[in-house]
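So you can see what is in the structure, the chains are spelled out below.
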Amino acid sequence: ETGVTQTPRHLVMGMTNKKSLKCEQHLGHNAMYWYKQSAKKPLELMFVYNFKEQTENNSVPSRFSPECPNSSHLFLHLHTLQPEDSALYLCASSQEWGRAFYNEQFFGPGTRLTVL
Amino acid sequence: TQLLEQSPQFLSIQEGENLTVYCNSSSVFSSLQWYRQEPGEGPVLLVTVVTGGEVKKLKRLTFQFGDARKDSSLHITAAQPGDTGLYLCAGAGAGNNRKLIWGLGTSLAVNP
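Being a predicted model, the structure only gives us computed values, none of them experimental.

All names here are of chain B. Pairing is antiparallel across the open sheet formed by five strands, whose spatial order is S1-S3-S8-S7-S6. Only two strands of the sheet have a single neighbouring strand rather than two, namely strand S1 (5-7) and strand S6 (55-58). Across the sheet, the mean angle from the axis of one strand to that of its neighbour is 15 degrees, orientation sign disregarded. Alignment of strand S3 (residues 19-24) against strand S8 (residues 71-76), held across six bridges, turns out to be antiparallel. From the neighbouring strand, Leu19 faces S8, where its bridge partner is Ile76.

Turning our attention to the packing of aromatic side chains. Throughout the structure, instances matching the rule amount to eight aromatic pairs over all chains. Taken together, a centroid distance of 5.9 Å and an interplanar angle of 80 degrees make the contact between Tyr35(A) and Trp102(B) edge-to-face. Residue Tyr35(A) is found in strand S4 (residues 31-37), and its partner Trp102(B) is found in strand S10 (residues 100-102); the two belong to separate chains. Owing to a relative accessible area of 1%, Tyr35(A) belongs among the buried residues under this scheme. Between Trp34(B) and Phe63(B), the aromatic rings sit 6.3 Å apart at their centres with planes inclined by 50 degrees, giving tilted as the arrangement. You can see Trp34(B) sitting in strand S4 (residues 29-37) and its partner Phe63(B) sitting in strand S7 (residues 61-65), a full 29 residues away along the chain. Assigned by exposure class, Trp34(B) and Phe63(B) land together as buried. Chaining the aromatic ring pairs together yields one cluster made of Tyr33(A), Tyr35(A), Phe107(A), Tyr35(B) and Trp102(B).

This part takes up the state of the cysteines. Residue and element names in this part refer to chain A. According to the stated counting rule, one finds two disulfides over all chains in the structure shown. Disulfide pairing is shown between Cys23 and Cys91; the S-S distance is 1.9 Å. Judged by the sign of its S-S torsion, about -70 degrees, the cystine formed by Cys23 and Cys91 is left-handed. With a gap of 68 residues between them, Cys23 in strand S3 (residues 18-25) and Cys91 in strand S9 (residues 87-94) connect regions that are remote in the sequence. Across the pair, exposure class does not vary: Cys23 and Cys91 are buried alike.

Definitions and limits used
Counting of residues starts from 1 at the beginning of each chain's written sequence and follows it residue by residue. Think of it this way: whatever chain is written first is A, whatever ligand is written first is 1, and the rest follow in order. Reporting in this predicted model follows two pLDDT cut-offs: at least 70 for local features of residues, and 80 or more for side-chain atom pairs to be given and counted; totals over whole chains, interfaces and linings ignore these cut-offs and use all residues. Hydrogens are left out, water is left out, and the side-chain values use all remaining heavy atoms of the structure. A pair of strands is treated as paired once DSSP finds two or more bridges between them. The way it works is that DSSP assigns letters per residue, a run of H or I at least four long becomes a helix, a run of E at least two long becomes a strand, and they are numbered from the N terminus. For helices, the axis comes from a line fit to the C-alpha atoms of the stretch in contact; other axes are also lines fit to C-alpha atoms, and the angle between any two N-to-C directions lies between 0 and 180 degrees. Whether two aromatic rings pair depends on their centres lying within 6.5 Å, for rings of Phe, Tyr and Trp, where Trp uses its six-membered ring; planes under 30 degrees apart make the pair stacked, over 60 edge-to-face, and the rest tilted. Between buried and exposed lies partly exposed: a residue is buried under 20% and exposed over 50% of the maximum accessible area for its type, with that area taken using a 1.4 Å probe on protein chains only. Cysteine sulfur pairs qualify as disulfides if the two atoms are within 2.5 Å.

Structure below.
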């Protein structure tokens, strides 16, 4: 595998389900991100991890729970989601130096999530 | 609140035509990135511009960063169907706040 991979590519879940999205980066980067992409909205940054430490949580509802066990893997645990959470969830990674966050981002293909 | 406005939102042209898309803000950015996103995929970085007035070329694509580092343009010469996609710009804040601000994107369709 190369680049940034995400699984699953598509997910349909009910509002009472619990599911997890997985992201793996094979680029040796030290920062990973979760973004939400919805129609007619700019990309929304959800979480940032730098060297496995969460450095940003942009007021994301607690029904989204991130986990970063190491600098190559990132998970997004989902529970009791709402229909308005349906969107494309993108994982990205970058190489950061010090606090110079948000350098060039390398994205995975995304997980298309539908909440019924 | 920093905003990045992209125009036009949608563009449908014939193969061989030239086009320009714009990314504008009232805020100053330390750098600006352009990405292309194809259906069912994540955005892919095309270029980063850093210096005011900078021009970068990537084959038929020409990117320019405004002198004041508040705006940028992407010009495509002789567009091809393979150029079809969503073009996104993202500006990195100046100073200590390097957070990326994303535009809504320009959806380009190049018809054969």
